[in-house]
Amino acid sequence: MAQKNNHIDYVELAAEDLSVAKAFYNAAFGWEFQDWGETYVSFTGAGLDGGIRGGEKPVNGSTLVILYADDIEASEKRVVDAGGEITERHEFPGGRRFHFRDPSGNLLAVWTKAEE
């Protein structure tokens, strides 16, 4: 994929245990991984490539990574089954979403369009 000027190009998450993070994101969303030594993995299949820095405790702030799902109920079930914790649910004009904490402690969300 060619890089585009001034577009978000890559996202990195932190995880104390890379094997736990890889297992969660593969089971919940089907992401695939490439190991780059003992403390870093890159992922593909998320719509935007990224990586996970191992040996780091996540620090949650004001930035939120949001994924899209055609079937939000199925996505929520996969997140929970993979070991994630649902922290919030929201409805808004045009859609709805849920926020979740992955097993490493990162906060992300999944949204879907409102049914017409």
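If you're wondering where the values come from, they're calculated on a predicted model, not measured in any experiment.

**What about the pairing of strand β2 (residues 32-35)?**
Consideration 1: Both β2 and strand β3 (residues 40-44) contribute to a ladder of four bridges, which runs antiparallel. Bridging across to β3, Phe33 finds its partner in Phe43.
Consideration 2: Here β2 folds back onto β3 in antiparallel fashion, the turn holding four residues, of which Gly37 has a positive phi close to 90°.

**What to know about the environment of Thr44**
Consideration 1: Its location among the elements puts Thr44 in strand β3.
Consideration 2: Each C-alpha atom, one on Thr44 and one on Glu32, is 5.4 Å from the other, the two residues being 12 residues apart in sequence.
Consideration 3: Setting aside chain neighbours within four positions, we find Thr44 in contact with Trp31, Glu32 and Asp49.

**Some points on the sheet that holds strand β8 (residues 107-113)**
Consideration 1: Strand order in the open sheet formed by four strands is β5-β8-β7-β6, with mixed pairing between adjacent strands. Looking at which strands have only one partner, the edges of the open sheet turn out to be β5 (65-68) and β6 (85-92). Sheet twist, expressed as the mean angle between neighbouring strand axes with direction ignored, is 25°.
Consideration 2: Sheet topology places β6 next to strand β7 (residues 95-101); seven bridges connect them, and they run antiparallel. Looking across to β7, one finds that Phe92 is bridged to Gly95.
Consideration 3: Its contacts with the sheet place helix α2 (residues 72-81) against β6, β7 and β8, and it is angled at close to 5° to β7.

**A word on the layout of surface pockets**
Consideration 1: Counted as a void, the largest pocket has a volume near 330 Å³.
Consideration 2: Along the wall of the largest pocket there are 18 residues; nearest its centre are Leu13, Val59, Asn60, Thr63 and Asn106.
Consideration 3: Going through the elements one at a time, β1 (11-15) and β8 are the ones with two or more residues in the lining of the largest pocket.
Consideration 4: Of the residues forming the lining of the largest pocket, the biggest block, four residues, is contributed by β1.
Consideration 5: Looking at the lining of the largest pocket residue by residue, the class counts come to nine nonpolar, five polar and four charged.

**A closer look at helix α1 (residues 18-29)**
Consideration 1: With 12 residues, α1 should cover 16 Å at 1.5 Å per step; its first-to-last C-alpha distance of 16 Å lies within 8% of that length.
Consideration 2: Within the span of α1, buried status applies to Leu18, Ala21, Phe24, Tyr25, Ala28 and Phe29. The buried residues of α1 occupy an angular sector of 130° when projected down its axis, which confines them to one face.
Consideration 3: Within two residues after α1, Gly30 carries a phi angle of roughly 80°, on the positive side.

So, how was this worked out
Counting from 1, residues in each chain are numbered in the order their sequence is written. Owing to the predicted nature of the model, reporting of local features is limited to residues with pLDDT of at least 70; listing and counting of side-chain atom pairs is limited to 80 or more, with chain, interface and lining totals taken over all residues. The basis for every side-chain value is the complete set of non-hydrogen atoms in the structure, without hydrogens or water. Any two strands are treated as partners once DSSP identifies two or more bridges connecting them. The secondary structure listing takes helices from DSSP runs of H or I that are at least 4 residues long and strands from runs of E that are at least 2 residues long, numbered from the N terminus. By definition, residues are in contact when any of their heavy atoms lie within 4.5 Å. In this analysis, axes come from line fits to C-alpha atoms, helices being fitted only over the stretch in contact, and the angle between any two N-to-C directions falls in the range 0 to 180 degrees. Residues are called lining when one of their atoms sits within 4 Å of a cavity or pocket point, these points coming from a 1 Å grid over the protein atoms alone, where a cavity is a set in which a 1.4 Å probe fits but cannot get out and a pocket is an open set with protein on both sides within 12 Å along at least five of seven lines. Grid points are joined across faces, edges and corners, and a volume is the space filled by probe spheres set on the points. We call Asp, Glu, Lys and Arg charged. Ala, Val, Leu, Ile, Met, Phe, Trp, Tyr, Cys and Pro are nonpolar, and the rest, Gly among them, are polar. Residue count minus one, scaled by 1.5 Å, sets the expected span of a helix. Burial classes follow relative accessibility: with a 1.4 Å probe on protein chains only, a residue under 20% of its type's maximum area counts as buried, one over 50% as exposed, and anything between as partly exposed. The arc in question is the one traced by the directions running from the helix axis out to the C-beta atoms.

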